[in-house]
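Each chain, letter by letter, is given below.
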Amino acid sequence: MEDLLQVGVITATHGIRGEVKVFPTTDDPRRFKKLKGCILDTGREQIELEVESCKFFKQFVILKFKGIDNINDIERYKQCSLFVTRENAVPLRRGEYFIADMIGSKVIDEEEHELGTLKEVLRTGANDVYVVETKEGKEVLLPAIKQCVLDINIEEHMIKVHIMEGLLD
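Residues numbered from 1 in each chain as written. Predicted model: local features only at pLDDT ≥ 70, side-chain atom pairs only at ≥ 80, totals over all residues. Heavy atoms only, no water.

Draft legend 1. Local environment of the sheet that holds strand S5 (residues 60–65). Taken in spatial order, the six strands of this closed barrel run S1-S2-S5-S4-S3-S6, and their pairing is antiparallel. Going across the sheet, the axis of each strand differs from the next one's by a mean of 50°, ignoring polarity. Bridge count between strand S2 (residues 19–24) and S5: three bridges; the pairing is antiparallel. When the sheet's bridge partners are listed, valine 20 is paired in S5 with leucine 63. (Pairing = 2+ DSSP bridges. Helix = DSSP H or I, 4+ residues; strand = E, 2+ residues; numbered from the N terminus. Axes fitted to C-alpha atoms, helices over the stretch in contact; angles between N-to-C directions.)

Listed below in structure tokens is the structure:
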């Protein structure tokens with residue numbers, strides 16, 4: 001399991017005082033209100049940042065970090081990801097899982113036949129969609145709804161699904 005969990009991506013600067021627009025990659029953008037700190041991944045290094053303020057604008061979260069008070073200090077971090085440690089992650093409710101813990105899981109059908117491996121989870125408006133890569137290298141898209149996803153076992157890295165009519169066509 002990964003120790004760092006992505007919560008957002010800096011998309012742009014906001015104003016001239018060091019604020020940034022963050023596209024949230026978490027189920028609940030309101031979690032940023034309680035966020036005290038995060039880790040900025042530049043691709044070359046990880047920088048711990050303390051959150052000074054948080055507000056919301058459309059689908060974005062506007063964050064201000066302590067010690068970054070100028071647009072020139074933050075501009076170079078556009079398109080960088082923000083992470084939290086697992087200890088600082090929002091507690092999961094029953095039946096909820098971190099996507100990072102699910103990626104790479106073996107996907108099987110009701111008869112225990114292996115369909116493939118979970119490669120990605122697409123976030124759509126209505127429900128998530130699981131992208132499963134078969135042994136042949138094909139991609140199968142499965143809606144993450146209770147009629148299709150029967151069981152998720154994080155410890156065994158296994159997802160059991162019901163293949164609904166037309167999904168493999």
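Anyway, onward from the coordinates.
Draft legend 2. Region of the structure containing the UniProt feature "domain: Ribosome maturation factor RimM PRC barrel" (unreviewed entry) in the protein. UniProt's feature table lists "domain: Ribosome maturation factor RimM PRC barrel" (unreviewed entry) at residues 101–167, given in the numbering used throughout. Taken as a whole, residues 101–167 contains 3% helix and 48% strand, while its terminal C-alpha atoms sit 24 Å from one another. (UniProt positions renumbered as here; feature names shortened; annotations may be inferred.)

Draft legend 3. View of the environment of isoleucine 71. Locating isoleucine 71 in the fold gives a position in helix H1 (residues 71–74). The exposure class of isoleucine 71 is partly exposed, given its relative accessible area of 22%. For isoleucine 71 and glutamate 112, which are 41 residues apart along the polypeptide, the C-alpha to C-alpha distance reads 54 Å. Look past the residues within four positions of isoleucine 71 in its chain and what remains in contact with it is Thr13, Gly15, Ile16 and Gly18. (Buried < 20%, exposed > 50% of the residue type's maximum accessible area, 1.4 Å probe, protein only. Contact = heavy atoms within 4.5 Å.)

Draft legend 4. Layout of the pattern of salt bridges. Tallied over the entire structure, the rule returns eleven salt bridges. Measuring nitrogen to oxygen at the nearest pair gives 2.7 Å for the salt bridge that ties aspartate 101 to arginine 86. Here the residue aspartate 101 occupies a position in helix H2 (residues 99–102), and arginine 86 occupies one in the loop between strand S6 (81–85) and H2, the gap between them amounting to 15 residues. A salt bridge links glutamate 112 to lysine 160; the nearest nitrogen and oxygen atoms lie 3.0 Å apart. Here glutamate 112 is found in the loop between strand S7 (106–109) and strand S8 (114–122), whereas its partner lysine 160 is found in strand S12 (residues 158–161), with 48 residues between them in sequence. (Salt bridge = Lys/Arg side-chain N within 4 Å of Asp/Glu carboxyl O.)

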